[in-house]
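The residues making up each chain are set out below.
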Amino acid sequence: MTKLEQVANGAQTPEEQLAQLRARHTAILNQPTLAQMATEKDEEIETAEHDHHHHHHRHHQHVEENEGATNSAPPAAQSKSVPAEKKDLMLSSGSYYGVLPLAVKKKPPLTAPKTNYDNSGTYCLRQSLTEEASRDFVLRSYYGQKERAMRNDTEAITSAVATGSNGMITSRRNLVKETVESLRQSYTKLSTSPKPDDDCPVLVETETKIIGEWNTRFQQCITGMNHISPHTLEPEKCAIMQQLMNLAQDFIYAATTFGKIIISELYLPVEQKTIKPRLSAGGVAGGLKYFVHNIMFKFACDDKKMYGSEEAAAKVAGHELKGCISYFNCVTRWVRDITVPLMALVDYRGFRLVAMTELPTISKATLRYGSSDGGKTVVTSDPVLNDKLKRVSQILNIRRRRVREGAYLYSPVDLEGHKGSDAQYYLVDFSRCFPPEFPDKSIPVGHLFRLLRPEFVRYYPKQLCPDACTGFIKQFKHADEFNKDIAEATQFLRETLVPNVGEELQHIVGTFTSPEQLGQFRLVQHIHRRGVNMRYLGHIRQNVQDATCRGLLLVEVLARVSTCLLKMQMRDKHEELCAVAVDQPFWYLVVSFFNVLLGNSQESHEFWNEKLVHVILYKFAGALSESETRPGALRQELDSFLPCKRANVFLVRRIENLSGIKFRKSFHEEMWHNPDKWECEMPFSFIDLKRIGERVKHMNIISFSLGYLLKSEGEALLRNHRSVFVKDEAHKLFVMALEKVPPHFSSAITFLHSL
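Owing to the predicted nature of the structure, the values given are computational and were not obtained by experimental measurement.

What counts as what
Residues numbered from 1 in each chain as written. Predicted model: local features only at pLDDT ≥ 70, side-chain atom pairs only at ≥ 80, totals over all residues. Heavy atoms only, no water. Helix = DSSP H or I, 4+ residues; strand = E, 2+ residues; numbered from the N terminus. Buried < 20%, exposed > 50% of the residue type's maximum accessible area, 1.4 Å probe, protein only. Contact = heavy atoms within 4.5 Å. Phe/Tyr/Trp six-rings, centres within 6.5 Å; stacked < 30°, edge-to-face > 60°. Core = buried A, V, L, I, M, F, W, Y, C linked by side-chain atoms within 4.5 Å. pLDDT = per-residue confidence, 0-100. Pairing = 2+ DSSP bridges. Axes fitted to C-alpha atoms, helices over the stretch in contact; angles between N-to-C directions. Expected span 1.5 Å × (residues − 1). Polar contact = N/O pair within 3.5 Å; in protein donor to acceptor, adjacent residues only side chain to side chain. Parallel < 35°, antiparallel > 145°, perpendicular 65-115°, else oblique. Left-handed = near helix turned anticlockwise from the far one by under 90°. Nonpolar A, V, L, I, M, F, W, Y, C, P; charged D, E, K, R; others polar. Salt bridge = Lys/Arg side-chain N within 4 Å of Asp/Glu carboxyl O.

Chemist: Run through the overall build of the protein, naming residues and quoting values.
Modeler: Regarding its fold elements, the protein presents 26 helices and 16 strands. Looking at the 755 residues of the protein, the share that counts as buried comes to 53%. Taking all contacts inside the protein whose residues are at least 6 apart in sequence as the whole, residues at least 24 apart take part in 72%.

Chemist: Help me get a handle on the packing of aromatic side chains, residues and values and all.
Modeler: If you walk through the whole model with that rule in mind, you get 20 aromatic pairs. Between F593 and F594 the ring centres are 6.0 Å apart and the planes differ by 85°, which places this aromatic pair in the edge-to-face class. An angle of 45° between the planes, with centres 5.3 Å apart, marks the rings of F594 and F684 as tilted. With F594 in helix α19 (residues 584-598) and F684 in the loop between α23 (665-673) and β15 (689-692), this residue pair connects regions lying 90 residues apart in the sequence.

Chemist: Give me the lowdown on the nonpolar core, citing residues and values where you can.
Modeler: Inside soluble globular proteins, nonpolar side chains tend to come together where they are buried. One finds Y327 and M699 to be the most contacted residues of the largest nonpolar core, which totals 165 residues. In this structure, A312, V316, L448 and F449 belong to the second largest nonpolar core, which totals six residues.

Chemist: Hey, could you go over the confidence of the model for the protein for me, with residue numbers and the actual values?
Modeler: Per-chain confidence: the protein averages 75 in pLDDT, with 67% of residues scoring 70 or above. Across residues 155-173, where pLDDT falls below 50, the model places 31 contacts with residues more than four positions away in sequence or in other chains.

Chemist: Please set out the sheet that holds strand β7 (residues 351-357) residue by residue, giving values where relevant.
Modeler: Taken in spatial order, the five strands line up as β3-β4-β7-β6-β16 in an open sheet, and their pairing is antiparallel. Here the strands that pair on one side only, and so sit at the sheet edges, are β3 (289-292) and β16 (695-698). Geometrically, the sheet is characterised by an average inter-axis angle of 20° between neighbouring strands, direction not taken into account. For strand β6 (residues 343-348) and β7, the ladder comprises six bridges, and the chain directions are antiparallel. Following the sheet pairing, Y348 is matched in β7 by F351.

Chemist: Before we move on, can you summarise helix α12 (residues 383-396) with the specific residues and values?
Modeler: With 14 residues, α12 should reach 20 Å at 1.5 Å per residue; the first-to-last C-alpha distance of 20 Å fits that figure. If you check which residues of α12 are buried, you get L385, N386, K388, L389, V392, S393, I395 and L396. Where α12 begins, the capping side chain belongs to D382, and its oxygen is found 3.0 Å from the backbone nitrogen of V384. Backbone geometry just after α12 places N397 at a positive phi near 65°.

Chemist: A description of unusual backbone geometry should follow, citing residues and the corresponding values.
Modeler: Phi angles above zero are rare outside glycine, and N397 is one such case at about 65°. The residue N397 is located in the loop between α12 and β10 (401-404) in this model. Residue classification places N397 among the buried residues on the basis of a relative accessible area of 10%. The backbone phi angle of C644 is positive, close to 60°, even though this residue is not glycine. Note that C644 resides in the loop between α21 (633-639) and α22 (646-659). We classify C644 as partly exposed; its relative accessible area is 44%.

Chemist: Got a sec to walk through the environment of E606? Specific residues and values, please.
Modeler: Along the chain, E606 turns up in helix α20 (residues 602-619). Between the alpha carbons of E606 and G632 there is a distance of 9.2 Å; along the sequence they are 26 residues apart.

Chemist: Lay out the packing of helix α9 (residues 214-226) against helix α10 (residues 234-264) with the relevant residues and their values.
Modeler: Contact geometry of α9 with α10 gives a least axis separation of 10 Å together with a crossing angle of 155°. Classified by the angle between their axes, α9 and α10 sit roughly antiparallel to one another. The two elements α9 and α10 cross, and the hand of that crossing is left-handed. Between α9, through W214, R217, F218, C221, G224 and M225, and α10, the contact on the second element is made entirely by I240, Q243, L244, N246, L247, D250, F251 and A254. For the contact of α9 with α10, the residue count by class is nine nonpolar, three polar and two charged.

Chemist: I'd like a rundown of the sheet that holds strand β12 (residues 416-419), residues and numbers included.
Modeler: Within a sheet, neighbouring strands are paired by backbone hydrogen bonds and run either parallel or antiparallel to one another. One open sheet accounts for five strands, arranged β5-β13-β12-β8-β9; its pairing is mixed. In this open sheet, the two edge strands, each paired with only one partner strand, are β5 (338-339) and β9 (379-380). Here β12 runs beside strand β13 (residues 425-428); their pairing, made up of four bridges, is antiparallel. When the sheet's bridge partners are listed, G417 is paired in β13 with L427.

Chemist: How would you summarise the pattern of salt bridges if you had to cite specific residues and measurements?
Modeler: For side chains bearing opposite charge, pairing can occur when the charged atoms are close. With the rule as written, the count across this model stands at 28 salt bridges. Between E576 and K573 there is a salt bridge; the shortest N-O distance is 3.6 Å. Taken together, the positions of E576 and K573, both in helix α18 (residues 547-577) and three residues apart, correspond to about one turn of that helix. When the shortest N-O distance is used, the salt bridge between K677 and E670 registers 3.1 Å. Take K677: its relative accessible area is 36%, and that puts it in the partly exposed class. Residue E670 is classed as partly exposed on the basis of its relative accessible area of 31%. The network of salt bridges with common partners includes R399, K462, E481, D485 and E488.

Written as structure tokens, this is what we have:
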């Protein structure tokens, strides 16, 4: 039974219960944000810090004079004094401020956030966007919706209480009480770790180490991270982070190098391939599998017609990476002795490859948890692994389900847990780690690729089952209850959270004063932090009235649709060339596509009016108003977004980011300053195209470890130098460190705090 289903004791009159319910809903809506609390704490200590700096030469004398008096002072007086060394420790841990020292949030204008420095080199970034802030946003939206529903349902609630059915009232009251307490704890909670029993091992590279032993190197890095505590010396922390970054860089380089070869030779005969597929490698879904350099590659394709399109198959691969990241966050911070593989996605010439490290021998005989045959047989034979996954499910807010008497699953049924030949627990198959949104009957098998965001699931007040709305739970007793929870969550996401995100975006974009600030704003990152999928871009734009914000959202919609169409054409060209491994035809295709997209020709006008509009309406419902669907209106809307047709440059840059294609810097500068270039039929030429590259999505271990190294370097500058110039340089390093923490790596933020 969940917290939502618990019923509190105590009888009250209907009027008292209704009044308390209103008061508690008001309390949750009026809770201060993390940024407000940080600002208040900063103001409280501002005077004390000022005095401390001006009277620094009297500090040690003051401490010595009070040493004898401390022993004779009453307990109340002793508790008020804070020794200097204790204050430094509190500053370094963040407890002196009452907030975590590395709270991460981009200020809406994207200017450098104001930073408070102290003698220990610690800093507090105001208006920080952490996982607590994201949770606060979701919960405020959730309880705001509940408050509005309560006003419309006052008579029904009073009637229910009058008839003795006060379970609903007490349940809601308890839920709000628990949430208020949870938020209060999250604002004051410090991420500290106990001192380890053993010394933290220093990882040293040796000449005999085989670089390709990815799993061994990864396990050593995780072991080192697990031993990090506040007592670990800074050089040891940096050594571990440096090795973690080196490992990730090596893996991504190898995955990219071999992945491009595999994709380029896709249609060559097997005997002519440089890297040959392993036809014996099984699996319910996925295409051919390749093994090279201790890395397994598999195509994210729809060979077995499970998903309905190649695009849907690519989304499933993206969900697998998200699931792997989420479990990696848990097993490196809270739940030890479970391992996940290194994973990356390589997008090249319209195809997507999933690359992951080979693990020690695993098979059906090593299966200890989950199902390897599509749910026909479910294994829960290892109580130790069951307990660990139960803890992970509590962190991710995943609801368990019973598979038989005394046996429970704490994840999707197809997540496999193995005990490898090295006696280590390994997890594989992360593609359905999070629940689906409530199915749309017009989208076949949407439950496989239209999943809820990890941020949304984690902060939603109810636990959700990842197997809900699937055939895996049809025969189980609580299937209807699980499906109903998903329906309510989907309704809340669409009707409450999405409009709130649109309103917030209008406020943020309204603070921008130049096109450069618009170009620097991380729109996708912000929407993901709020727990909203990018497939709701159309609904967000539908709830936005500000012209600048609507223009920014339109650029993102156009970029995603254009990238999808370009990838489709590249796959077709690949198949057309068949057994010929060449590159020039793809250059011609790319240049021709961009000329049709942004040129001033009859073909371009027909493309916008007859194809682009229809694809947008299909992929992003609600993205266009009725007037924007008229011939020529959509192109005019884009041109009116920014003066001098600079929206075209925005669009090109965004497509570059999504596809891996790169145009020369001089081309961007010329088009930015000379808008007349867009008036010709073919503004793009072969000399403007720099390369047709790859796009790699990975576990962001590089970003996380580099962020910590930048933070450490900045603190070292503050410890050793006091000049204003050095402080400015340190501030830049701090900001860069925070920028390196990506939105879906939220648990890494907490881990970074404890370092």
